[in-house]
Amino acid sequence: MRVVRLLAATLVVLAIGACGQDGVEPKRWAKQVCVALTPWRAEIADLTAKAQQQLQAATTPSQTKTNIVDLLSGAEASSERARAGVNGAGVPRVDGGQKVAEQFTASLAKARDAYGNAKRTVSGLPTDSAKTFYGEVGKAFVTLKDDYERSAIDPTHVGPADLQKAFDEVPECK
């Protein structure tokens, strides 16, 4: 059993090493990244709209808290799926490809963490005073917005020109 684990670990290391040496053709990488990001963007937009509806149609602070925490949890999980998908795309075969790939995954990890932090903040809020609760939820969402914006990658500059061209040409990125 120990030999099997050692062999499996060696194969994983070799596979990772091989991917790092050759990299992924830019159009293929861009396509995989966009395939991972498209459902994430749609889900985040949907969850954001639902969160706004929850705050406008609030019945009780306790119910709102439960709903908002669930929505933030969904956004956190969706961001992690997108991060894993982008990470799974490998490294684009361009100058600085490793750095570009790391920036994309780091950006999504920061977005995931922003949602997770907001979820933990709202989850920890007392609900005995509606005014205080909703005020603190508002503050949590301002922090979330700021954290989320700091995590964003500038889409007009995703790396070298050949990678930017790939993003412009791949249908999945339009």
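What comes next concerns the included structure. These figures come from a predicted structure and were not determined experimentally.

Parameters and conventions
- Residues numbered from 1 in each chain as written.
- Predicted model: local features only at pLDDT ≥ 70, side-chain atom pairs only at ≥ 80, totals over all residues.
- Heavy atoms only, no water.
- Disulfide = S-S within 2.5 Å.
- Helix = DSSP H or I, 4+ residues; strand = E, 2+ residues; numbered from the N terminus.
- Buried < 20%, exposed > 50% of the residue type's maximum accessible area, 1.4 Å probe, protein only.
- Core = buried A, V, L, I, M, F, W, Y, C linked by side-chain atoms within 4.5 Å.
- Contact = heavy atoms within 4.5 Å.
- Phe/Tyr/Trp six-rings, centres within 6.5 Å; stacked < 30°, edge-to-face > 60°.
- Salt bridge = Lys/Arg side-chain N within 4 Å of Asp/Glu carboxyl O.
- 1 Å grid on protein atoms, 1.4 Å probe; cavity = no way out; pocket = protein on both sides within 12 Å on 5 of 7 lines; lining within 4 Å.
- Points joined across faces, edges and corners; volume = space filled by probe spheres on them.

1. Structural notes on the state of the cysteines
And step 1. Tallied over the entire structure, the rule returns 1 disulfide.
And step 2. The residue that forms a disulfide with Cys-34 is Cys-173, at a sulfur-sulfur distance of 1.9 Å. Note on the Cys-34 and Cys-173 pair: the S-S dihedral is about 105 degrees, so by sign convention the disulfide is right-handed. Residue Cys-34 is found in helix H2 (residues 26-56), and its partner Cys-173 is found in the segment after helix H6 (161-169); the two are separated by 139 residues along the sequence.
And step 3. Taking relative accessible area as the criterion, Cys-34 reaches 6% and is therefore assigned buried.
And step 4. Owing to a relative accessible area of 23%, Cys-173 belongs among the partly exposed residues under this scheme.

2. Points about the environment of Ala-161
And step 1. Mapped onto the elements, Ala-161 comes out in helix H6.
And step 2. With relative accessibility at 63%, the residue Ala-161 sits in the exposed group.
And step 3. Between the C-alpha atom of Ala-161 and that of Val-94, which follows or precedes it by 67 residues, the distance is 9.1 Å.

3. Some remarks on the nonpolar core
And step 1. Trp-29, Val-33, Leu-37, Phe-104 and Phe-167 are the most contacted members of the largest nonpolar core, which has 40 residues in total.
And step 2. Mapped onto this core, the elements with two or more residues apiece are H2, helix H3 (61-88), helix H4 (97-123), helix H5 (130-151) and H6.
And step 3. For this core, the leading source of residues is H2, giving 10 residues.
And step 4. Non-local contacts of Val-33, meaning those with residues more than four positions away in its chain, are made with Val-86, Ala-89, Phe-104 and Phe-167.

4. Considerations on the packing of aromatic side chains
And step 1. Counted according to the given criterion, the structure contains 6 aromatic pairs.
And step 2. Note on Trp-29 and Phe-167: the rings are 6.0 Å apart at their centroids and 90 degrees apart in plane angle, and the pair reads as edge-to-face. Here the residue Trp-29 occupies a position in helix H2, and Phe-167 occupies one in helix H6, the gap between them amounting to 138 residues. Here Trp-29 matches Phe-167 in class, with each residue buried.
And step 3. Ring pairing ties together the aromatic residues Trp-29, Phe-104 and Phe-167, which thus form one cluster.

5. What to know about the pattern of salt bridges
And step 1. Enumeration over the complete set of coordinates arrives at 12 salt bridges.
And step 2. Notably, a salt bridge pairs Glu-169 with Lys-27, separated by 2.8 Å at the nearest N-O pair. Here Glu-169, found in helix H6, pairs with Lys-27, found in helix H2; they are 142 residues apart in sequence, far enough to count as distant.
And step 3. On the accessibility criterion, Glu-169 (35% relative accessible area) is partly exposed.
And step 4. Overall, Lys-27 belongs to the partly exposed group, its relative accessible area being 40%.

6. What about the layout of surface pockets?
And step 1. Roughly 300 Å³ of volume is contained in the second largest pocket.
And step 2. Lining the second largest pocket are 15 residues, and of these Thr-48, Ala-51, Tyr-115, Phe-141 and Leu-144 lie nearest its centre.
And step 3. Broken down by secondary-structure element, the contributors of at least two residues to the lining of the second largest pocket are H2, H3 and H5.
And step 4. Considering every element that reaches the lining of the second largest pocket, the biggest residue donor is H2, with 6 residues.

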